[in-house]
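Coordinates in review
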Amino acid sequence: MEVGVDRSLCEANAVCVGFAPEVFDLDEDEELVIAPGAVPESQVERVSQALTGCPKNALFSRG
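Residue positions are given per chain, counting from 1 as you read along its sequence in written order. In keeping with the model being predicted, local features are shown solely for residues with a pLDDT of at least 70 and side-chain atom pairs are shown and tallied solely at 80 or more, while totals for entire chains, interfaces and linings include all residues. Calculated side-chain values reflect all of the structure's heavy atoms, with hydrogen atoms and water omitted.

**Concerning a negative patch on the surface**
The following threshold applies: Patches here are clusters of residues that have more than 30% relative accessible area and form no salt bridge, with a 9 Å joining cutoff for like charges and a 5 Å cutoff for nonpolar side chains (Val, Leu, Ile, Met, Phe, Trp, Tyr). Note on areas: Shrake-Rupley with a 1.4 Å probe; residue coverage comes only from the protein chains shown. One speaks of a salt bridge when a side-chain nitrogen belonging to Lys or Arg is within 4 Å of a carboxyl oxygen belonging to Asp or Glu. Asp and Glu count as negative and Lys and Arg as positive, but His and the ends of the chain are not part of the count. Taken as the charge centre is NZ of Lys, CZ of Arg, CG of Asp or CD of Glu, depending on the residue. Only DSSP runs of H or I reaching four residues or more are called helices, and only runs of E reaching two or more are called strands; each is numbered from the N terminus.
A cluster of like negative charges, contributed by E28, D29, E30 and E31, occupies part of the molecular surface. When you line up the elements, E31 lands in the loop between β2 (24-26) and β3 (32-34).

Structure, rendered in structure tokens:
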């Protein structure tokens, strides 16, 4: 599983960071940063929760 973001929808409210801080973060400009590559198996459940919990539906799964 890989994760992407629609930057036109993302408001960087950090809900995803709360679910999976190992995968999601905000940079110094308050832009969402997603760890590169496939989501580690140990984080798939948390990332799935972040995808469904995103208030702007800005996150999506790629594969």
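**What to know about the pattern of salt bridges**
A side chain of one charge can pair with a side chain of the opposite charge when the charged atoms of the two come close. Which entries qualify depends on this criterion: The cut-offs for exposure are 20% and 50% of the maximum accessible area for each residue type, with area from a 1.4 Å probe on protein chains only; residues under the lower value are buried, those over the upper are exposed, and the others partly exposed.
Under the counting rule described, the total for this entry stands at one salt bridge. Here K56 ties to E11 by a salt bridge, and the two come within 3.5 Å at their closest N and O atoms. Here K56 is found in the loop between α2 (44-53) and β4 (59-62), whereas its partner E11 is found in the loop between β1 (2-5) and α1 (15-19), with 45 residues between them in sequence. By relative accessible area, which is 52% here, E11 ends up exposed.

**What to know about the nonpolar core**
Selection criterion: Here, nonpolar core refers to any group of buried Ala, Val, Leu, Ile, Met, Phe, Trp, Tyr and Cys residues whose side-chain atoms link them within 4.5 Å. Whether two residues touch is decided by their heavy atoms; if any such pair falls within 4.5 Å, the residues are in contact.
Grouped together as the largest cluster of nonpolar side chains are 18 residues, with contacts concentrated most on V3, F24, L32, V47 and L59. Taken together, the elements giving at least two residues each to this core come down to β1, α1, β2, β3 and α2. Per-element tally for this core: the top contributor is α2, with three residues. Leave out the neighbours within four places in its chain, and V47 touches M1, V3, A20, V23, F24 and V39.

**With respect to α2**
Heads up, the rule is: What the arc describes is the spread of directions from the helix axis to the C-beta atoms.
Burial in α2 covers these residues: V47, A50 and L51. Around the axis of α2, the buried residues are gathered within 100° of arc, so they sit on the same side. Every exposed residue of α2 that faces more than 90 degrees away from the buried side is listed here: E45 and T52. Where the residues of α2 are buried, they touch β1, α1, β2 and β4.

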